[in-house]
Amino acid sequence: MSFFARFDRLRARGRVVADEHPEVTEPGDGPEVPADARRDADGADGGGADESSGDPADGRGDGDSADGRRVRHPVAARVTTALAAAFVVAALIAPDDATRLTLLAFVRIPVEGLIGVVLVLFLPGRARRVVAALIGAALGVLAIVKLLDLGFSVVLARPFNPDYDWPLFSAGLEFLRTSAGEAGAIGAVVVVALLAVGLLVLAARSVLRLTRVLARHKIATTRTVAALAVAWVAFAVFGVQITPGVPVAGHTYDHSHQVLVGLRDRKEFAKEAAAVDAFRGTPAQNLLTGLHGKDVMLVFVESYGRDAIEDPKFGPQADAVLDAGTRRLAAAGFGARSAFLTSPTAGGGSWLAHSTLLSGLWIDNQQRHDTLMKSDRFTLSQAFRRGGWRTVAVEPGNTRPWPEGSSFYGYERIYDRWNNGYHGPLVDWGTAPDQYTLSAFHRAELTAPHRPPVMAEIPLTSSHAPWVPTPRLIDWKAVGDGSSFGPLAAAGDQREAVWRSLTRIRAAYWGTIEYSLNTLISYVETYGDKNLVMVFLGDHQPTPLVTGPGADRDVPITIVARDKAVLDRISGWGWQDGLRPDPHAPVWRMNAFRDRFLTAFGPQPQPTRTSALPAH
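Now for a description of the structure that goes with this document.

**Points about empty space enclosed by the protein**
Consideration 1: Taken as a whole and assessed by the stated rule, the structure comprises three cavities of 30 Å³ or more.
Consideration 2: Of the volumes computed, that of the second largest cavity is approximately 40 Å³.
Consideration 3: Lining the second largest cavity we find Val-296, Leu-298, Leu-380, Phe-384, Met-455, Val-535, Phe-593 and Phe-597.
Consideration 4: Broken down by secondary-structure element, the contributors of at least two residues to the lining of the second largest cavity are strand E5 (295-301), helix H14 (380-386) and helix H22 (593-600).

Here it is as structure tokens:
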């Protein structure tokens, strides 16, 4: 063989090694490799002495390349390998719930990791690299989903569901756009996209690096995997858990199971929505007869949950506000009855609660909501419209067209963020203060002479995260177009200061709840008459950042009326007097409200007179 042919072969061999071991020094960058070391090299597939013995024949470790040449920085190489292993293991076994994110929760054996090691360990070199790259990509996707799970658990108290949670990202982007501005929203999207790409690349490179290391220690790796597999089976059989709810015999296929559950739920709910509705065929003259002539306001108070009135952090303040409100309303001639409903959601997804209450069906995910919107389900708002009420929706947080408002719910007029006449500063996440929302509704709908009774759905927004700044009540006569709120909004706490402390976040949350409740009480005092009936309730509990882990999904509900006959209609419900339900108040599922409400305020059975028994 000529000198040039030998030189070309050596150069080609050096390129292969450099491609597979980028940390290896190139020829000329370090000490020359002895010829006998090259002859003893294992090759790109990690074969030779290592394959048979399980240990490098020449004592190589993470600091050496597969063909015997020295790595430029052996300590750095070992640290990099350790970090790659830590990343892979963390992606496989990290909990999907922030409340379980403890060190002991990482004491797990991931079965998918064992299967992956077996796959790459016994494949030839090229196939091994391809499979390792695919496993790395899958691991990157898993890491992204785990981060989504953790985020959802912090905000919505549940993991991410890949089957029907995608529309929530659009809602989240809208929240960012209105609360942080267009630039802030774009910046957040860019950061998230870069993070996702970075995780995919990091996962692929980590798996490829570990694959090379495991292949050089084949026998030792095989023994370790076999021992861990036996341990996994034993832990799975006995259900061993160190952290409650986190089995040591771990797996990561929960989301695959969620997809299957989602498919079944879609079919089951379609049947439920199409089932016979006892009220759908009720004649107009028999609907809501106990409320004829009454203006009915159905008001949702954002994030007004049971914790707002029972948690020791808020309880004493809540007692003072609600008890004082009960006395104020009584002085104005109004009575109130209160209890609890269990919401289908927590931390967000208010529209799920709205649709549950109005439809009488349990709407706890976006898939069910979308199916419901395409159905002909008879809603509470449709019942009012059929019964002769003018039906309106006041949606200060709605920034997009909402055709379902008229086509499904049957509202004759919808007031959203753009047509409610507000010209004041945007507070919290870019909406008008609750006082303006109620004032504008009253002026637009309840002051016209010779009008029909009005039924209105009004979701208030001032107690929506981020809960800063907190508006302040002003004289109702000064509300006008909202410009009077300018100085008050500018004087409030700033988001950057509040969101540095969990204590301040919770205090800000309660401040907005207190504002919303006082606004409702003041509205009834100011504008309430004998024909006003107000039903106000929470849509869901706030985020676990406020409630802490393990909170239930109950929300307070109250019916306020001056006409005693209205409250007499619900005397059989067992609801408690006043605005504050105590811990022993009745609790219903939210979807039960529609049927009970329509029944209570529908035609009442008339007592029949029995003839006297004949005398004996």
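**Observations concerning the pairing of strand E6 (residues 335-342)**
Consideration 1: In the sheet, E6 pairs with strand E11 (residues 554-561) via eight bridges, with the strands oriented antiparallel. Looking across to E11, one finds that Gly-335 is bridged to Ala-561.
Consideration 2: Relative to strand E12 (residues 576-577), E6 runs antiparallel, the two being bridged by two bridges. Its bridge partner being in E12, Ser-338 is matched across the sheet by Gln-576.

**Brief notes about the environment of Glu-412**
Consideration 1: Along the polypeptide, Glu-412 turns up in the loop between helix H15 (404-407) and strand E8 (413-415).
Consideration 2: The exposure class assigned to Glu-412 is partly exposed, which follows from its relative accessible area of 38%.
Consideration 3: Not counting residues up to four positions away in its chain, the partners in contact with Glu-412 are Arg-385, Trp-389, Arg-390 and Thr-391.

**What about the packing of helix H4 (residues 74-93) against helix H6 (residues 125-155)?**
Consideration 1: At a minimum axis separation of 9 Å, H4 and H6 run at an interaxial angle of 55 degrees. With respect to each other, H4 and H6 are oriented oblique. The interaxial crossing formed by H4 with H6 has left-handed handedness. Side by side, H4 and H6 meet where Phe-87, Val-88, Ala-91, Leu-92 and Ile-93 of the first sit next to Leu-139, Leu-142, Ala-143 and Lys-146 of the second.
Consideration 2: Looking at the contact of H4 with H6, its residues break down into eight nonpolar, no polar and one charged.

About the criteria used
Residues numbered from 1 in each chain as written. Predicted model: local features only at pLDDT ≥ 70, side-chain atom pairs only at ≥ 80, totals over all residues. Heavy atoms only, no water. 1 Å grid on protein atoms, 1.4 Å probe; cavity = no way out; pocket = protein on both sides within 12 Å on 5 of 7 lines; lining within 4 Å. Points joined across faces, edges and corners; volume = space filled by probe spheres on them. Helix = DSSP H or I, 4+ residues; strand = E, 2+ residues; numbered from the N terminus. Pairing = 2+ DSSP bridges. Buried < 20%, exposed > 50% of the residue type's maximum accessible area, 1.4 Å probe, protein only. Contact = heavy atoms within 4.5 Å. Axes fitted to C-alpha atoms, helices over the stretch in contact; angles between N-to-C directions. Parallel < 35°, antiparallel > 145°, perpendicular 65-115°, else oblique. Left-handed = near helix turned anticlockwise from the far one by under 90°. Nonpolar A, V, L, I, M, F, W, Y, C, P; charged D, E, K, R; others polar.

None of the figures reported here should be taken as evidence of function without further support.
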